[in-house]
Amino acid sequence: MKFFVIGDVTVDHLYHLDRLPAPGEEVVPGRATMKPGGAGGTISVTLARLGHTVTLAARVGNDPFAEYALASVRESGVSLAAIQVDPEHLTSTITVMQTPDGQRAMISDGAANRQLDPAKLKKKDIEGADAVIVSAYSLTEGPQRDYTLKAIETAQKAKKPVPVFIDLGTGAVNKVGTDLIENVIGADYLTLNQHELLALTDTTSISAALAQLGDAGARRVVVKVGRMGSIVWTPTETELVDPIKPEGRVVDSTGAGDTFTAAFAHAVLTGQPLPQAARIANAAGALAATRVGAQARPITPADLEAALAR
Ligand SMILES: OC[C@H]1O[C@H](O)[C@H](O)[C@@H]1O
């Protein structure tokens, strides 16, 4: 299958801490690592490793971090034809702090990614894809937002409409303006975690939030509920899909949600019914969390089969 992915590529600085620092405090991490990351990068790498043809649209700086941010993207065979190089803005770097009890804080610098130039979007790349996957960070601000809106419109208006998957992402929730919520809801498939769902709808219960999305016209929603697995929602059914416990210990959740989204799209496009696609995605997200770094755990179809058989 052919996927066109729009989303950030970054250099992730990962800090594992006993607790998040208070204002004015200096804390020493138990572990500090630098890894390639970004939602777009991780979704693309996962799809390519699952055997798909992937083009990633993102923008890096003309600096030494660019090669590092794109290392796994390049190695996994993702096409770099839609990667843009920005002469002024730097490659995005992200600081991710997390604690053993699952708290997380991030400092995200959109940098070059935000400058993705819409004039360089090739309609044929969208029309020739089997699916477009968008990280909603790309809908938040800057020229990248125009690029992404243009891509979604092209997909939806194509002679043979191309399905659009949108993954919300924590940083995007508060920035997706009301005019754009329609785009998020109008996705063929919307994936998000429970915190993002509640923040997006300004409600306090998952069922109320899903009802609100339904009233607004959502079509298919998958909610990642961490250790509980995921919830598949359509206007006619709601199903809780149990989590999969993979071999290995959970050491880092960075990128697990992006891996989930990629595996979900892979499963849907290869003909799986929604609950089974969510089960496969649960397995992929859980596997991703067994290594430090968003793209550190290569996941193959055989890995997913083995995880599902456990
Ligand atoms: O979704 C996880 C990603 O979010 C941040 O953008 C980091 O780059 C990380 O790789």
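Residues numbered from 1 in each chain as written. Predicted model: local features only at pLDDT ≥ 70, side-chain atom pairs only at ≥ 80, totals over all residues. Heavy atoms only, no water.

Comments concerning the nonpolar core
Core analysis: the biggest nonpolar cluster contains 45 residues, and Phe-165 and Phe-264 have the highest contact counts within it. Of all elements in the fold, only strand 1 (2-6), helix 1 (39-49), strand 4 (53-61), strand 8 (131-135), helix 10 (256-269), helix 11 (274-288) and helix 12 (301-309) reach the threshold of two or more residues within this core. Looking at this core, the element that brings in the most residues is helix 11, giving 9 residues. Apart from the residues within four sequence positions on either side, Phe-264 is in contact with Phe-165, Tyr-189, Thr-191, Val-222, Leu-274, Ala-277, Ala-278 and Ala-281. Of all hydrophobic cores here, the second largest spans 39 residues; its members include Phe-4, Ile-6, Ala-82 and Trp-233. (Core = buried A, V, L, I, M, F, W, Y, C linked by side-chain atoms within 4.5 Å. Buried < 20%, exposed > 50% of the residue type's maximum accessible area, 1.4 Å probe, protein only. Helix = DSSP H or I, 4+ residues; strand = E, 2+ residues; numbered from the N terminus. Contact = heavy atoms within 4.5 Å.)

Concerning the packing of aromatic side chains
The description of an aromatic ring pair rests on the distance of the ring centres and on the angle between the ring planes. Tallied over the entire structure, the rule returns 3 aromatic pairs. Judged by centre distance (6.1 Å) and plane angle (75 degrees), the rings of Phe-165 and Phe-264 are edge-to-face. Of this pair, Phe-165 sits in strand 9 (residues 164-167) while Phe-264 is found in helix 10, placing the two residues 99 residues apart along the sequence. When its relative accessible area of 1% is taken as the criterion, Phe-264 is described as buried. (Phe/Tyr/Trp six-rings, centres within 6.5 Å; stacked < 30°, edge-to-face > 60°.)

Digging into the pattern of salt bridges
Evaluated as defined, the whole model comprises 11 salt bridges. The closest approach of N and O atoms between Glu-247 and Arg-310, which form a salt bridge, is 3.7 Å. Residue Glu-247 is located in the loop between strand 13 (237-241) and helix 10, and its partner Arg-310 is located in the segment after helix 12; the two are separated by 63 residues in the primary sequence. Glu-247 gets classed as exposed once you look at its relative accessible area, which sits at 61%. (Salt bridge = Lys/Arg side-chain N within 4 Å of Asp/Glu carboxyl O.)

Remarks on the confidence of the model for the protein
Low pLDDT marks regions whose predicted coordinates should not be analysed in detail. Chain-level pLDDT for the protein is 93 on average; 98% of the residues reach the 70-or-more range. Interface confidence for the predicted complex, expressed as ipTM, amounts to 0.93; the pTM equals 0.96. (pLDDT = per-residue confidence, 0-100.)

As for the site of the ligand
Neighbouring the ligand are the residues Thr-10, Asp-12, Gly-37, Gly-38, Ile-94, Met-106, Thr-254, Gly-255, Asp-258 and Ala-294. Contacts to the ligand include Thr-10, whose side-chain N or O atom sits 2.9 Å from an oxygen atom. The contact in question runs from an oxygen atom of the ligand to an N or O atom on the side chain of Asp-12, over 2.5 Å. Of the residues belonging to the shell around the ligand, the class tally is 3 nonpolar, 5 polar and 2 charged. (Near = heavy atom within 4 Å. Polar contact = N/O pair within 3.5 Å; in protein donor to acceptor, adjacent residues only side chain to side chain. Nonpolar A, V, L, I, M, F, W, Y, C, P; charged D, E, K, R; others polar.)

Topic: the sheet that holds strand 7 (residues 104-108)
Hydrogen bonds between backbone groups are what pair the strands of a sheet, and the pairing can be parallel or antiparallel. If you walk across this open sheet you meet the 4 strands as 3-2-6-7, and the pairing is mixed. At either end of the open sheet lies a strand with only one pairing partner, and these are strand 3 (31-37) and strand 7. Across the sheet, the axes of successive neighbouring strands diverge by a mean angle of 20 degrees, strand direction being ignored. Taken together, the 7 bridges between strand 2 (residues 10-16) and strand 3 define a ladder with antiparallel strand orientation. Of the residues in strand 3, the one forming a bridge with Asp-12 is Lys-35. (Pairing = 2+ DSSP bridges. Axes fitted to C-alpha atoms, helices over the stretch in contact; angles between N-to-C directions.)

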